[in-house]
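Analysis of the macromolecular model
Residues per chain, in single letters:
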Amino acid sequence: MISCPYPVNLMEFVPESMTRIPLTILLLEDEAIDAGLIREQLLAMAEYDCEIIWTKDKPAFLAALESKIPDLILSDYNLANFSGLDALNCVSEKKMLVPFIFVTGAIDEETAAETIKAGAWDYVVKDRLLRLPLAIRGALQLREEKSNALKAALESRKLLKAMEHSPVHIIMMNVNHEIEYVNKRYTETTGYALEDLKEKDSWRFVLHNLPEKYFSDLQRKNIHPYNWHGEIKSKKKDGTDYWESVSISPLMNEENQVTHYIIVKEDITPRKRIIQELINARNKAERSDKLKDAFLQNLSHEIRTPLNAIVGFSSLLEESSGLPDELKEYTSIILSSSNQLLSIVNDILTISRIQTGQEIITTSEVYVNSILDDMYLIFKSQASQNKIEYAVVKGNLDRDFHILIDETKLVQILTNLLNNAFKYTHEGSVTCGYTFKKDRIEFFVKDTGIGISPENQKIIFDRFRQADTSFNRNYGGTGLGLSISKSFAEMLGGQLWVESKQGEGSTFFLSLPCRTEKGMEAHLPWEETPSPKKEITILDAEDEKHNFRLIQAYLNDACIKLIHAANGLEAVNISQTTSPIDLILMDIKMPEMDGISAMLEIRKSLNVPIIAQTAYALEHEKQQLLKIGFSDYISKPLKREELVEKVYKFTD
Ligand code: ADP
């Protein structure tokens, strides 16, 4: 039993408004009077609202510990069948962060030291119980600090773990450029562990290949630190090169001073390799596209050159009188087959131009009604031969009605659609016309032919696709017409689609923007070609004898003197020795000297129109010819009307 020299009812002043902190205190004390004294001290603490769990022996103490973790334990040192040190051991075993204070009779220095060594947070002798609140406050403060430190340690352990297992490289360098940390991934990739980077200048090596400026800024104290991000080529310990993406950011302390640099790197060698492979693949594709293009141009030239002679002479034969009927029929078969072959070559070339983006749009004022009239003239005989009714519907009857569009492409789309309509219609009618829908003009080609099933309507606009393979046998064709037409429609800012019912017929619609502009005279399709007034001399440079013969035949009726040069060099010589020469027709591919070199040579001394004759049908090739100095070009196979028109254009 102890006596207390201080008044036990010393209650501290508690302001009304103050919220008191709840505090659960486990008290181990076998003397009731001492327990009472302690209790009074506890209750006198103004800021705490104490719940005191009083236990007198081991079982009660352990049971209390089990049922609730207290905020504080106060324990006597000597108990009847238990000791304070044993109680402290029980708490330590449970690894609880609970302040344990001995409240004991007088103990010597040695025992006191022993209690602290055993894990007690403080001790208060019963004779000086007044110190108890002080000891409690101190212990609770210490518990708070310990708990915060534990939390911080846990957080940094978590971070460290994350860094250790991060798939990117993490390096920490202090402000003195000493490497303090590298994570596992960095070591795995590069072969360098932290020990390898302890040399004074290791940081230079770790940040190898950084831009010079950032390197020197890193070393200057007066520069405000900043983040850097980029890609650099590095070396592994075994000497292999690898690519890494690097980002460096400074770490500041509370005084805003840099203490460290956090360097995060990622091995991007595989990504770089894939990108390079993609670039290579793209370049290869572009190269093979160019090769394909060149191949197509050559193919076009090689096919068109002989076709030139075949088509030309068979048309002359067909027109000539006195030919037996049987031969006339053969001639017309040769002519139509050659034209068919020519149209296939043209389609393949067009597809190639669309694919390589070489197809260009040339907009002009287009007189829509005159186009429909032209179409009517072209398809009229086919319609009457097959006993198909052919009607034209004009949405605007004004002869001068025109829209701004690419005429060649519009004509090609309508021709393809009409060709198909007549090809796939055996009886009934074909109607071609246009109407207006808001700000658009909608052309249509309607037939009462075989129609197209819903599944096939989805595929016929794809390249080389036909509604049915058996159609191929029945109707022929390459399956390119609609694909070209659709691409052209889209290039013109329009759409092409079909509505059809199998066995009843189809209607193809072409919707285009309807832009108009005034100021151009209407073109009359039936205008007469003017006849030549004076004699003219034309030099034809052409290595193929048949082709020269054809030109002779085409220009035979006109008052034209035709001179033949068998190659470019001969053309240059003739042009320098013969006068006057009113026009030169120049083939491009010729032996000795090609047509382009010959034209350039002739241009040095003679100002004469020179027309290129080319089997190269690609648009950019033609434009190129004009750019380098030709006055015009004419495509092979030559058409008589076109040749005559060009001759008059330049000699009139
Ligand atoms: P091609 O006529 O040379 O086969 P197209 O691309 O012009 O190629 O047409 C693709 C396919 O669409 C044709 O093979 C045919 O099956 C179908 N088709 C096109 N127009 C019509 C039509 N007016 N009536 C029925 N089928 C058509």
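Residue positions within a chain follow its written sequence, with the count starting from 1. With pLDDT at 70 or above as the cut-off, local features in this predicted model cover only qualifying residues; side-chain atom pairs require 80 or more to be listed or tallied, and sums for whole chains, interfaces and linings still use all residues. With hydrogens and water excluded, all non-hydrogen atoms of the structure serve as input to the side-chain values.

Here's the deal with the sheet that holds strand S3 (residues 72-75)
- Strands are labelled as partners when DSSP assigns at least two bridges between them. What counts as a helix is a DSSP run of H or I of at least four residues, what counts as a strand is a run of E of at least two, and both are numbered from the N terminus. Spatially, S2-S1-S3-S4-S5 is the arrangement adopted by the five strands of the open sheet, whose pairing is parallel. With one partner strand each, in any of the chains shown, strand S2 (48-55) and strand S5 (122-125) form the two edges of the open sheet. Here the strands of the sheet are splayed against their neighbours by 25 degrees on average, with no regard to which way each runs.
- Against the sheet, helix H1 (residues 32-43) touches strand S1 (21-28), S2, S3 and strand S4 (100-104), its axis set at about 165 degrees to S2. Inter-axis angles, ranging from 0 to 180 degrees, are taken between N-to-C directions of lines fitted to C-alpha atoms, where helices are fitted over the stretch in contact. Contact between two residues is taken to exist if any of their heavy atoms lie within 4.5 Å; hydrogens are not considered.

Quick word on the packing of helix H12 (residues 407-423) against helix H15 (residues 481-491)
- Where H12 contacts H15, the axes come no closer than 9 Å and their chain directions differ by 145 degrees. Relative to H15, H12 is oriented so that their crossing is left-handed. The segment H12 lies against H15, with Lys-409, Gln-412, Ile-413, Asn-416, Leu-417 and Asn-420 engaging Gly-481, Leu-482, Ile-484, Ser-485, Phe-488, Ala-489 and Met-491.
- Here the term charged refers only to Asp, Glu, Lys and Arg, the term nonpolar to Ala, Val, Leu, Ile, Met, Phe, Trp, Tyr, Cys and Pro, and the term polar to all other amino acids, Gly among them. For the contact of H12 with H15, the per-class residue count stands at seven nonpolar, five polar and one charged. For a crossing to be left-handed, the near helix must be turned anticlockwise from the far one by less than a right angle; the clockwise case is right-handed.

A word on the pairing of strand S6 (residues 169-174)
- Burial within S6 is extensive, with five of its six residues counted as buried.
- Note: S6 against strand S10 (residues 258-267), six bridges, orientation antiparallel. From the neighbouring strand, Ile-170 faces S10, where its bridge partner is Val-264.
- Where S6 lies against strand S7 (residues 179-182), three bridges are found, and the strand directions are antiparallel. Accessible area is worked out with a 1.4 Å probe on protein chains only. A residue is then buried under 20% of its type maximum, exposed over 50%, and partly exposed in between.

Thoughts on the domain arrangement of the protein chain
- Domain borders in the structure are assigned automatically or taken from a domain database. The domain boundaries assigned to the protein chain delineate domain 1 (21-156), domain 2 (167-267), domain 3 (289-352), domain 4 (364-513) and domain 5 (536-651).
- Just the C-alpha atoms count here: the centres of domain 3 and domain 4 sit 24 Å apart.
- Counting from both sides, the interface comprises five residues of domain 3 and, opposite them, eight residues of domain 4.
- Where domain 3 abuts domain 4, roughly 520 Å² becomes buried across the two surfaces, and 78% of that area is made up of carbon and sulfur atoms.
- In what follows, salt bridge is the name for a side-chain nitrogen of Lys or Arg lying within 4 Å of a carboxyl oxygen of Asp or Glu. At the junction of domain 3 and domain 4, the tally comes to zero salt bridges.
- Residues adjacent in sequence count toward polar contacts only when both atoms are side-chain atoms; beyond that, a polar contact is any pair of N or O atoms within 3.5 Å, and within protein one must be able to donate a hydrogen and the other to accept it. Taken together, the links from domain 3 to domain 4 amount to zero residue pairs in polar contact (both at pLDDT 80 or more).
- Across the side of domain 3 that touches domain 4, the residue classes break down as three nonpolar, one polar and one charged. Accessible area, probed at 1.4 Å, shrinks when two parts are joined; the buried area is that loss added up over both.

A few points about the sheet that holds strand S12 (residues 389-393)
- A sheet is described by the order of its strands in space; here five strands give the open sequence S12-S14-S15-S17-S16, paired in mixed fashion. Each edge of the open sheet carries a strand with a single partner, namely S12 and strand S16 (495-501). The average angle at which neighbouring strand axes cross in this sheet is 15 degrees, direction not considered.
- Across the sheet, H12 touches S12, strand S14 (429-437), strand S15 (440-447), S16 and strand S17 (505-513), and the angle it forms with S15 is around 20 degrees.
- Along the sheet, H15 contacts S16 and S17; its crossing angle with S16, the most-contacted strand, is approximately 135 degrees.

Section: unusual backbone geometry
- With an omega of -5 degrees, the peptide bond running from Ser-579 to Pro-580 counts as cis.
- By the element assignment, Pro-580 lies in the loop between helix H17 (568-577) and strand S20 (583-587).
- The phi angle at Lys-95 is positive, at roughly 50 degrees, despite the residue not being glycine.
- Looking at where Lys-95 falls in the secondary structure, it is placed in the loop between helix H3 (84-93) and S4.

What to know about the environment of Ser-245
- One can find Ser-245 in strand S9 (residues 241-252).
- Ser-245 gets classed as buried once you look at its relative accessible area, which sits at 13%.
- For the pair Ser-245 and Cys-514, spaced 269 residues apart in sequence, the C-alpha separation works out to 53 Å.
- When sequence neighbours within four positions are dropped, the list of residues in contact with Ser-245 reads His-229, Gly-230, Glu-231, Val-264, Lys-265, Glu-266 and Ile-268.

A word on the confidence of the model for the protein chain
- Within the protein chain, residue pLDDT values average 85, and 91% of them lie at 70 or more.
- Every residue carries a pLDDT, the predictor's confidence in it, which falls somewhere between 0 and 100. This model gives residues 1-13 a pLDDT under 50, and the stretch forms 24 contacts once residues within four places in sequence are excluded.

Quick notes on the packing of aromatic side chains
- Note on aromatic pairs: the rings of Phe, Tyr and Trp (six-membered ring only in Trp) are paired at centre separations within 6.5 Å, and the planes decide the class, stacked below 30 degrees, edge-to-face beyond 60, tilted for the rest. Taken as a whole and judged by the stated rule, the model has 12 aromatic pairs.
- Their ring planes at 85 degrees and their centres at 5.7 Å tell us that Tyr-434 and Phe-436 sit as a pair that is edge-to-face.
- On the basis of relative accessible area, Phe-436 is assigned to the partly exposed category, the value being 34%.
- Feature note: the residues Tyr-376, Phe-379, Tyr-390 and Phe-422 constitute an aromatic cluster, connected by ring pairs.
- Placement of a positive charge over a ring is assigned whenever Lys NZ or Arg CZ falls within 6 Å of the ring centre and within 35 degrees of the normal to the ring plane. Over the aromatic face of Trp-243 sits the side chain of Lys-272, whose NZ or CZ is 4.4 Å from the ring centroid.
- When the ring centre of Phe-461 is taken as origin, the NZ or CZ atom of Lys-486, which lies over that ring, is 5.1 Å away.

Digging into the pattern of salt bridges
- One pass over the full model with this rule turns up 25 salt bridges.
- Two residues, Lys-272 and Glu-231, come together in a salt bridge whose shortest N-O distance is 3.0 Å. Placement of the pair is Lys-272 in helix H9 (residues 269-319) and Glu-231 in strand S8 (residues 228-235), with a sequence separation of 41 residues.
- Look at Lys-272 and you get partly exposed, because its relative accessible area is 30%.
- The exposure class assigned to Glu-231 is partly exposed, which follows from its relative accessible area of 44%.
- One salt bridge connects Lys-409 with Glu-359, and the closest N-O pair in it is separated by 3.0 Å. Pair noted here: Lys-409 is in helix H12 and Glu-359 is in the loop between helix H10 (325-355) and strand S11 (364-367), with a separation of 50 residues, a long-range link.
- Residues participating in the shared-partner salt-bridge network are Glu-29, Asp-34, Asp-76 and Lys-126.

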